[in-house]
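Structural features, examined
Now for the letters of each chain:
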There are 2 protein chains.
Amino acid sequence: MHIGIVGGGQLGRMIILSGLPLGMRFTVLDPSENCPCAHLGAELVVAALDDAEAIERLGRAVDVLTYEIEHINVDALSALEQDGRRVRPSGETLAVVQDKYEQRRLLHEAGLPGPRFAAIDELDDEALRGFGMPAVQKLRRGGYDGRGVALLAGPESPRLRGASLLEERVAVEKELALVTARDASGVCSSFDVCELEFDPQNNICTRVIAPARVEADTAREAERLGEAAAAAVGCVGICATELFLTTEGRLLINELAPRPHNSGHWTIEGAETGQFEQHLRAVSGLPLGSPRRRGAAVMRNILAEPGSNGAAVVRGLTETLAIPGAHVHLYGKAEARSRRKMGHVTVTAEHLDEALRRAEGIALRIEGERDG
Amino acid sequence: MHIGIVGGGQLGRMIILSGLPLGMRFTVLDPSENCPCAHLGAELVVAALDDAEAIERLGRAVDVLTYEIEHINVDALSALEQDGRRVRPSGETLAVVQDKYEQRRLLHEAGLPGPRFAAIDELDDEALRGFGMPAVQKLRRGGYDGRGVALLAGPESPRLRGASLLEERVAVEKELALVTARDASGVCSSFDVCELEFDPQNNICTRVIAPARVEADTAREAERLGEAAAAAVGCVGICATELFLTTEGRLLINELAPRPHNSGHWTIEGAETGQFEQHLRAVSGLPLGSPRRRGAAVMRNILAEPGSNGAAVVRGLTETLAIPGAHVHLYGKAEARSRRKMGHVTVTAEHLDEALRRAEGIALRIEGERDG
């Protein structure tokens, strides 16, 4: 089985590492010849993520084409599918997800709960007053890891320029995620709902806790919503749905990603099948694996230290590896740039309190060689 | 950290796959450019395993040199060590283990129990009668996976030619293995003792069961013996000790291997740290990980079907992946040759009876394209 992956970042890297033991072969398309998917034995096609011709050529050379990032040329995916090639998740799924307003509209039409929302071409004072504040402005396209999002607390808050989705600011008790795998026949297999913590400064996920510390009813409802969302966008492969648990106890869908997701990294060691292998099973038509949780897991993202800019230097590896149940994943990024995702550490334990305690000891830091 | 590995087989492959997430870089020495360690991004030095010059050159280019097979040039290792290079396990450890008689003698001198034994240069009738039958003849050097071993049931049994170790044939109730990691300061960290099953026809391990179904006292004694054996040969890294549990309830050391071992494959998914990562931690001076077992595991070796000879064809992958908790590891060997180790499948479950039941469903078979 020959798998093509558009995008050569850490998600592609972990897809490859989980597919090699299954005898799979990979070709990756990425603009950088030193991307995290390089030096793993996968063939590398150096091309831009919007290079339709290169994507189509890749799609014709492999058994299945998938992607690990949403910001790619979707017309190329559709052209391949019209030609009978296997693209999973489909171009249609990606097209909807790429546009945050279309994504929201489709989920709304499917009856799935989310914040009140509106599409805005030009965000002037009148439109903002009409919608109400506080609000969240999200660029319809191109946002990622907190970029392309602005919190509009009042009329003076700086706004983003460009076609946007406007959403009411909801009072959030907890952020949750439901990572599910959906196969070509529409059957979903979901990992336990987990809890996400974010750096409030820049909205980057810092920690994921599995299982989420929520009532059983809430967990069941999160699973129902995540699976319904994956079905609504017709995703084949991993689909990750981020949810808000509001202070009033309601679950609202924040957004989804039709690919392996940061909120599912804990499954590599924390579930009977990891999300990356599960994605490969789903897109290549193999049976889905058991998503059963094995004990508890806490995942910490390792971001380059603020202000980093230079060759990556790893510190605190020894202390981190001394933690029982600690699993270190470095993404092979040569350059440390401020707050770039450089790796993650998952700590497993039989019970969550123990995993949380152990995770406090994670000392891994990555900075640039020439910083400061 | 740059690691050199002498030998590019499946053990090297799994060492590399477990070291990539830790940010390690690998160079492998193997006679075949299509060995299982090829196509993983590791640099490959194509040379014979007894090529002292190539091994020395590799040892000077890396931070630590290790090996995944015993049949390599040991003088090159010693020369590197005299030059202050890090070789782990040491050349001295390997020299003792390579010679089955020396290995046995050293364990005996350390007070560790084993079958009655003798060194034999030429196995004539008189020597055999003097030792007693049934006996087991093992070539002192070069045996592997059942090769170089003869069961001498009586005076008519075919014998091997060459310098041999002769051992009494003990009545075995179960074969066990204790896989331990020993760090440079002599501290051992052992995985739970496991149970080994062999094909009686050719003495190749077929199945490993963890934990072993033995009394707690026996498990504790196996751990004590395995750790003492690792210390006796001065191993730094993984050391696997195979043991006989006799029908009389005694534990005897069969033999040991100073490297990751088939009896430890179950730890990849079945323990908090897998043996391959643990080996890397031990040889590179990183803290040893927790060896705690996670539930139960049953590992099945996937040998090429008897009579296979041709390009490998994988069958039964879909059925095998449908088993909950099944983890498939294919070694990337292009050619299927009769009874060659092509991969393994580990099935995990919370309890052993469930893991054993699930493992019954493993349908993976590998045969040659042009067979029959």
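A word on the confidence of the model for chain A
Averaged over every residue, the pLDDT of chain A is 95; residues scoring 70 or more account for 99%. Among the prediction metrics, the complex's ipTM stands at 0.95, with pTM recorded as 0.96.

Quick word on the relation of the copies chain A and chain B
A rotation about an axis combined with a shift along that same axis relates the two copies of the chain. Mapping chain A onto chain B is achieved by rotating through 180 degrees and translating by 0.0 Å along the same axis, at an RMSD of 0.0 Å. These values place the two chain copies in the arrangement generated by a two-fold rotation axis. Both copies share a contact surface, since 100% of the interface residues of chain A are interface residues in chain B too.

As for the packing of aromatic side chains
Residues and elements named next belong to chain A. Tallying each qualifying case throughout the model produces 4 aromatic pairs over all chains. Summarising the aromatic geometry, the rings of F191 and W266 are spaced 6.3 Å apart at their centres and angled 75 degrees between planes, so their arrangement reads as edge-to-face. Placement of F191 in the loop between β10 (188-190) and β11 (194-199) and of W266 in the loop between β14 (251-257) and α8 (267-270) is noted, with a sequence separation of 75 residues between them. Accessibility assignment for this pair places F191 and W266 in one class, buried. Over the ring of F131 we find R116, and its NZ or CZ is 4.3 Å from the ring centre.

Re the environment of E242 of chain B
Residues and elements named next belong to chain B. Mapping E242 onto the fold places it in strand β13 (residues 237-246). The exposure class assigned to E242 is buried, which follows from its relative accessible area of 10%. Considered as a pair, E242 and L252 are 10 residues apart in the sequence and their alpha carbons are 8.8 Å apart. In this structure, E242 is in contact with E175, L176, A177, L196, F198, L252, I253, N254, E255 and H261, ignoring residues within four places of it in sequence. Within the structure, the side chain of E242 is placed 3.3 Å from the side chain of H261, a separation counted as a polar contact.

A word on the layout of surface pockets
All names here are of chain B. Taken as a whole, the second largest pocket holds about 1,100 Å³ of empty space. G146, V149, F198, N203 and N254 are the residues nearest the centre of the second largest pocket, which is lined by 48 residues in total. Considering every element that reaches the lining of the second largest pocket, the biggest residue donor is strand β14 (residues 251-257), with 4 residues. Along the lines of polarity and charge, the residues of the lining of the second largest pocket split into 20 nonpolar, 13 polar and 15 charged.

Looking at the pattern of salt bridges
For the structure shown, the criterion picks out 61 salt bridges over all chains. We note a salt bridge from E195 of chain A to R213 of chain A, for which the minimum N-O separation is 2.7 Å. Placement of E195 of chain A in strand β11 and of R213 of chain A in the loop between β12 (204-210) and α7 (216-232) is noted, with a sequence separation of 18 residues between them. Residue classification places E195 of chain A among the buried residues on the basis of a relative accessible area of 3%. Linking E367 of chain B and R365 of chain B is a salt bridge whose minimum nitrogen-to-oxygen distance equals 3.3 Å. On the accessibility criterion, E367 of chain B (17% relative accessible area) is buried. Counted as one network, the salt bridges with shared partners bring together K174, E195, E197, R207, R213 and E360 of chain A.

A few points about the packing of helix α1 (residues 10-19) of chain A against helix α9 (residues 275-283) of chain A
Residues and elements named next belong to chain A. At their nearest, the axes of α1 and α9 sit 8 Å apart, and the two run at 75 degrees to each other. Taken as axis vectors, α1 and α9 run roughly perpendicular relative to one another. Across from L11, M14, I15, S18 and G19 in α1, the residues of α9 making contact are F276, E277, H279 and L280.

What about the interface of chain A and chain B?
Often, the extent of an interface is quoted as the loss of accessible area upon association of its parts. In this complex, chain A contributes 35 residues to the contact, which on the side of chain B involves 35 residues. Summing both sides of the interface, chain A and chain B together bury roughly 2,800 Å²; the carbon and sulfur share of this comes to 52%. Inspection of the chain A/chain B interface yields 4 salt bridges. Taking the shortest distance from any N to any O, the salt bridge between E272 of chain B and R358 of chain A comes out at 3.4 Å. In this structure, the connection of chain A to chain B is made through 15 residue pairs in polar contact (both at pLDDT 80 or more).

What about the nonpolar core?
Judged by nonpolar contacts, the single largest core of 92 residues is most densely connected at I16 and F26 of chain A together with I16 and F26 of chain B. In contact with F26 of chain A, not counting residues within four places along its chain, are H2, I3, I5, I15, I16, G19, L20, A42, E43 and L280 of chain A.

Some words on the sheet that holds strand β6 (residues 135-139) of chain B
Residue and element names in this part refer to chain B. Read from one edge to the other, the open sheet built from 4 strands follows the order β5-β8-β6-β7, with strand pairing classed as antiparallel. The open sheet has two free edges, formed respectively by β5 (117-120) and β7 (149-152), since each of these has just one partner strand. Within this sheet the neighbouring strands show an average axis-to-axis angle of 25 degrees, counted without direction. Here 4 bridges tie β6 to β7, and the two strands are oriented antiparallel to one another.

Comments concerning the side chain of Q98 of chain A
All names here are of chain A. Positionally, Q98 belongs in helix α4 (residues 91-98). Among the polar contacts made by the side chain of Q98, one reaches the main-chain carbonyl oxygen of I72 at a distance of 2.9 Å. Filtering out sequence-adjacent residues up to four positions away, Q98 remains in contact with E70, H71, I72, V74, R140 and R141.

Some details on empty space enclosed by the protein
Here the structure, examined in full by the defined rule, presents 4 cavities of 30 Å³ or more. Of the volumes computed, that of the largest cavity is approximately 930 Å³. Around the largest cavity sit 38 residues that line it, and I268 and E269 of chain A together with L17, I268 and E269 of chain B are the ones nearest its centre. Residue assignment for the lining of the largest cavity shows that the elements contributing at least two residues are α1, α8, α9 and β17 (326-330) of chain A together with α1 (10-19), α8 (267-270), α9 (275-283) and β17 (326-330) of chain B. When grouped by side-chain class, the residues that make up the lining of the largest cavity number 18 nonpolar, 11 polar and 9 charged.

What to know about the environment of Q278 of chain A
All names here are of chain A. Checked against the element boundaries, Q278 lands in helix α9. Sequence separation between Q278 and G289 is 11 residues; the distance between their C-alpha atoms is 6.3 Å. Discounting chain neighbours no more than four positions away, the residues touching Q278 are A181, S189, F191, I238, T273, L288 and G289.

Digging into α9 of chain A
Here α9 of chain A lies mainly inside the structure; 9 of its 9 residues are buried. Those residues of α9 of chain A lying buried are Q275, F276, E277, Q278, H279, L280, R281, A282 and V283 of chain A.

Let's talk about the environment of R85 of chain B
Residues and elements named next belong to chain B. Among the secondary structure elements, R85 is positioned in the loop between α3 (74-82) and α4 (91-98). C-alpha separation for the pair R85 and V62, spaced 23 residues apart in sequence, amounts to 8.8 Å. With residues up to four places along the chain from it excluded, the contact list for R85 reads G59, R60, V62 and L80.

Scoring rules and cut-offs
Residues numbered from 1 in each chain as written. Chains lettered and ligands numbered in written order. Predicted model: local features only at pLDDT ≥ 70, side-chain atom pairs only at ≥ 80, totals over all residues. Heavy atoms only, no water. pLDDT = per-residue confidence, 0-100. Least-squares fit on C-alpha atoms with pLDDT ≥ 70 in both. Contact = heavy atoms within 4.5 Å. Phe/Tyr/Trp six-rings, centres within 6.5 Å; stacked < 30°, edge-to-face > 60°. Helix = DSSP H or I, 4+ residues; strand = E, 2+ residues; numbered from the N terminus. Buried < 20%, exposed > 50% of the residue type's maximum accessible area, 1.4 Å probe, protein only. Lys NZ or Arg CZ within 6 Å of the ring centre and 35° of its normal. Polar contact = N/O pair within 3.5 Å; in protein donor to acceptor, adjacent residues only side chain to side chain. 1 Å grid on protein atoms, 1.4 Å probe; cavity = no way out; pocket = protein on both sides within 12 Å on 5 of 7 lines; lining within 4 Å. Points joined across faces, edges and corners; volume = space filled by probe spheres on them. Nonpolar A, V, L, I, M, F, W, Y, C, P; charged D, E, K, R; others polar. Salt bridge = Lys/Arg side-chain N within 4 Å of Asp/Glu carboxyl O. Axes fitted to C-alpha atoms, helices over the stretch in contact; angles between N-to-C directions. Parallel < 35°, antiparallel > 145°, perpendicular 65-115°, else oblique. Buried area = accessible area lost by both parts, 1.4 Å probe. Core = buried A, V, L, I, M, F, W, Y, C linked by side-chain atoms within 4.5 Å. Pairing = 2+ DSSP bridges.

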